[in-house]
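Here is how the chains run, residue by residue.
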Amino acid sequence: MAKHSTNISTTKFLNFQTMPMQLYEQQHISIYNSLSGEKELFRPIHPGYVGMYVCGPTVYSNVHLGNVRTFMSFDMIFRYFRHLGYKVRFVRNITDAGHLENDADAGEDRIAKKARLEEIEPMEVVQRYTVDFHNILNTFNFLPPSIEPTATGHIIEQIEIIKIIMDKGLAYEVNGSVYFDVLKYNETKQYGILSKRNVEDLIHNTRELDGQGDKKNPQDFALWKKAEPQHIMRWPSPWSDGFPGWHLECTAMSTKYLGEHFDIHGGGMDLKFPHHECEIAQGEACNNQTPVNYWMHANMLIMNGKKMAKSTGNYILPNEIFSGDNPHITKAYAPSVARFFMLQAHYRSVLDFTNNGLLASEKGFYRLMDAINILDELKTASVSTVNILEWRQSCYDAMNDDFNSPMVIANLFEAVKFINQIKEGNATITGTDLELLKTTIHDFAFDILGLVNVTKVAETTTDKLTAAVELLIQLRQEARANKDFALSDKIRNELAAKGIQLNDGKDGTTFSTN
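No experiment lies behind these values; they were computed from the predicted model shown.

Draft legend 1. The arrangement of the sheet that holds strand 11 (residues 301–303) in detail. Reading across from one edge, 12-11-13 is the order of the three strands in this open sheet, with mixed pairing throughout. What marks the edges here is a single partner per strand, and that holds for strand 12 (306–307) and strand 13 (351–353). As paired elements, strand 11 and strand 12 share two bridges and run antiparallel to each other. Of the residues in strand 12, the one forming a bridge with Met 303 is Lys 306.

Below, the structure is given as structure tokens:
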């Protein structure tokens, strides 16, 4: 019996030894940490698990394309962690209260202002634009987060955090509002550690400002604001009927669902200061430890070399990309083409959104899809003249290097070259390597980058329409050059009658459809 028992134990040990490693044990990720300003090897707090929090939208208007780009970057990161076999809890919040105009501690709540202007309830504003946010992200093929908490759903948690910080002498109450005492905190900690600012500079830069109100020091920030009589959104607290400060909500929700110390906190570059700086201070003050190991920030999206702004007209909504109904683009683009375009830039790089860039990305996207679509037609051979294992690892190496999506895409186009060479008989591949090629392309193009395999069929009519209208624009320009204004006006008016609007500008004539 003893001998039999030993054999069973040995078998179990051998089975354990031969169990395949998880991908995350083989692939080691380096992440650019905004806190240190360097790439660091990713070591999760709990092996095999990742806790990630990303600041979500303030739902008072249609989601901005720049925000979509930020969320897309973290969608890709979420996908890659999952692909490697990590169990990921991804929390992305909805800000539905407390975010005042200009990200300040005074002024009107953005959602309440929208409700007042449209004469509807604040929660109607929240519902309308939360639905829009989800619809846009679904169209771009985002995965939903693990948890999507709201600020208004965590008022109690925020009040409790304020009590703890006040008990430690790091916050004070004045006239029903509560402020974080930055100078007191800075006696033992470092306010400005993330944004590389120091308190002395902050004091110098704000000393002359008026309207600091009840604050001891101008750099202090609100944890709780007493609501003015006209303020619609308000909750009872030990200090006043009011609402939480914008910075506090993320501390409350991240620690509730990820713990007092978690792996990754992400957001747009514009949130680094003061929002994320304040989160670090709140977490340190409340829990006596740094809240996050890796701070990640996605860079901004500009348009035609300039900042996007409604006031200047240099602006496009996500839905307008899909419809083509915007003077800055010449045609409609499939959501996956727009996603492909955005992922061709590294998440930490500024991305310039241009029509020419979209056109180039569209050609590249369909070239990639065309190659993927002929994979099943490839003939196999007894030997491979391409090293698929080495190519596969180069794809992982790119993602492991701070989620380098443009390098992943470059590697996918190396595969396109292989595929075309094999199809034309200029290269060979074994059956085993072909299956590995198929699996790897599917993993990276669809599971990790989140692209969708759409064909050109849906684009054919749009392409023909674009070509026809561009021909008419050219004929109209010739008519104007010949002073045949009757023909020029006729072309414009006939197109307008068909729902096609010509837009004359200093860079030429473009068109949009109604």
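Draft legend 2. Examining the nonpolar core more closely. Phe 81, Phe 353, Phe 403, Leu 437 and Ile 441 are the most contacted members of the largest nonpolar core, which totals 98 residues. The dominant element in this core, judged by the number of residues it contributes, is helix 3 (residues 65–83), at ten residues.

Draft legend 3. The environment of Ile 372, seen in detail. Along the chain, Ile 372 falls in helix 13 (residues 355–373). A residue is classified by how much of its surface remains accessible, and Ile 372, at 12% relative accessible area, is buried. In this structure the C-alpha to C-alpha distance between Ile 372 and Lys 438, which are 66 residues apart in sequence, comes to 8.0 Å. Every residue in contact with Ile 372, bar those within four places of it in the chain, is listed here: Ile 441, Ala 445, Phe 446 and Asn 453.

Draft legend 4. Structural view of the packing of aromatic side chains. Overall, the coordinates contain 23 aromatic pairs when judged by the stated rule. A ring pair is formed by Phe 180 and Phe 221, whose centres lie 4.8 Å apart and whose planes are at 10°; its orientation type is stacked. Of the two residues, Phe 180 is situated in strand 6 (residues 177–180) and Phe 221 in strand 7 (residues 221–226); the sequence distance between them amounts to 41 residues. Given a relative accessible area of 4%, Phe 221 falls into the buried group. Plain terms: the ring middles of Phe 365 and Tyr 366 are 5.2 Å apart, the flat faces sit at 75° to each other, and that makes the pair edge-to-face. Counting every residue linked through ring pairs, the aromatic cluster contains Tyr 24, Phe 42, Tyr 80, Phe 81, Tyr 86, Tyr 294, Tyr 396, Phe 403 and Phe 444. Across the ring face of Phe 78, the terminal group of Arg 82 is positioned such that the distance to the ring centre comes to 5.3 Å. For Arg 348, the ring lying beneath its charged end belongs to Tyr 32, and the centroid distance is 4.2 Å.

Draft legend 5. Seen up close, the pattern of salt bridges. According to the stated counting rule, one finds 20 salt bridges in the structure shown. For Lys 114, the salt bridge goes to Glu 118, with nearest N and O atoms at 3.4 Å. Placement of the pair is Lys 114 and Glu 118 together in helix 4 (residues 110–118), with a separation of four residues, close to one helical turn. Here Arg 492 ties to Asp 504 by a salt bridge, and the two come within 2.5 Å at their closest N and O atoms. Linking Arg 492 in helix 18 (residues 485–497) with Asp 504 in strand 14 (residues 500–505), this pair joins segments that are twelve residues apart in sequence.

Draft legend 6. A look at the side chain of Thr 70. Note on placement: Thr 70 falls in helix 3. Not counting chain neighbours up to four residues away, the residues in contact with Thr 70 comprise Gly 267, Gly 268 and Ala 298.

Draft legend 7. Spotlight on helix 3. With 19 residues, helix 3 should reach 27 Å at 1.5 Å per residue; the first-to-last C-alpha distance of 26 Å fits that figure. Of all 19 residues making up helix 3, 17 are buried, and the element is well covered by its neighbours. Immediately beyond the C-terminal end of helix 3, within one or two residues, lies Gly 85, with a positive phi of roughly 100°.

Draft legend 8. Region of the structure containing the packing of helix 3 against helix 16 (residues 431–448). Taken N-terminus to C-terminus, the directions of helix 3 and helix 16 make an angle of 140°; their axes are 9 Å apart at the nearest point. Between helix 3 and helix 16, the angle falls in the class oblique. Contact residues: Met 76, Arg 79, Tyr 80 and His 83 in helix 3; Asp 443, Phe 446, Asp 447 and Ile 448 in helix 16.

Draft legend 9. How the structure looks around the sheet that holds strand 3 (residues 49–54). Taken in spatial order, the four strands make up an open sheet running 4-3-9-10, and their pairing is parallel. Looking at strand neighbours, the two that pair on one side only are strand 4 (87–92) and strand 10 (292–298), the edges of this open sheet. Each strand axis lies, on average, 20° off the axis of its neighbour in the sheet, ignoring direction. On top of the sheet, helix 9 (residues 246–258) reaches strand 3, strand 4 and strand 9 (262–268); it is set at about 165° to strand 3, its chief contact.

Draft legend 10. Structural view of the pairing of strand 2 (residues 38–41). With four bridges connecting them, strand 1 (residues 30–33) and strand 2 associate as antiparallel partners. Within the sheet, the bridge partner assigned to Asn 33 lies in strand 2 and is Glu 38. Linking two consecutive strands that pair antiparallel, namely strand 1 and strand 2, is a turn of four residues; a positive phi of about 75° is found at Gly 37 within it.

Cut-off values and rules
- Within each chain, residue numbers correspond to sequence positions counted from 1 in written order.
- Only residues with pLDDT of at least 70 get local features here, since the model is predicted, and only at 80 or more are side-chain atom pairs given and counted; chain-wide, interface and lining totals rely on the full set of residues.
- Here the side-chain values reflect all heavy atoms present in the structure, with hydrogen atoms and water set aside.
- DSSP bridges decide pairing: two strands pair if at least two such bridges lie between them.
- Helix and strand definitions follow DSSP, with helices as H or I runs of at least four residues and strands as E runs of at least two, each counted in order from the N terminus.
- Definition of nonpolar core: a set of buried residues of the types Ala, Val, Leu, Ile, Met, Phe, Trp, Tyr and Cys, connected through side-chain atoms within 4.5 Å.
- In this scheme, a residue with accessible area under 20% of its type's maximum is buried, one over 50% is exposed, and one in between is partly exposed, where area comes from a 1.4 Å probe on protein chains only.
- Residues count as neighbours in contact if any of their non-hydrogen atoms are within 4.5 Å of one another.
- Two rings belonging to Phe, Tyr or Trp (six-membered ring only in the last case) form a pair when the distance between their centres is within 6.5 Å. Interplanar angles under 30 degrees mark stacking, angles over 60 mark edge-to-face geometry, and anything in between is tilted.
- Only Lys NZ and Arg CZ are tested; either one counts as a charge over a ring when it is within 6 Å of the ring centre and within 35 degrees of the ring normal.
- Think of a salt bridge as a Lys or Arg side-chain nitrogen and an Asp or Glu carboxyl oxygen that are within 4 Å of each other.
- The span one expects for a helix is its residue count, reduced by one, times 1.5 Å.
- Here the axes come from fitting lines to C-alpha atoms, over the contacting stretch only for helices, and the angles between their N-to-C directions go from 0 to 180 degrees.
- To sort the angles, those under 35 degrees are grouped as roughly parallel, those over 145 as roughly antiparallel, those from 65 to 115 as roughly perpendicular, and the leftovers as oblique.

Note that all results are geometric; they support no functional claim without further evidence.
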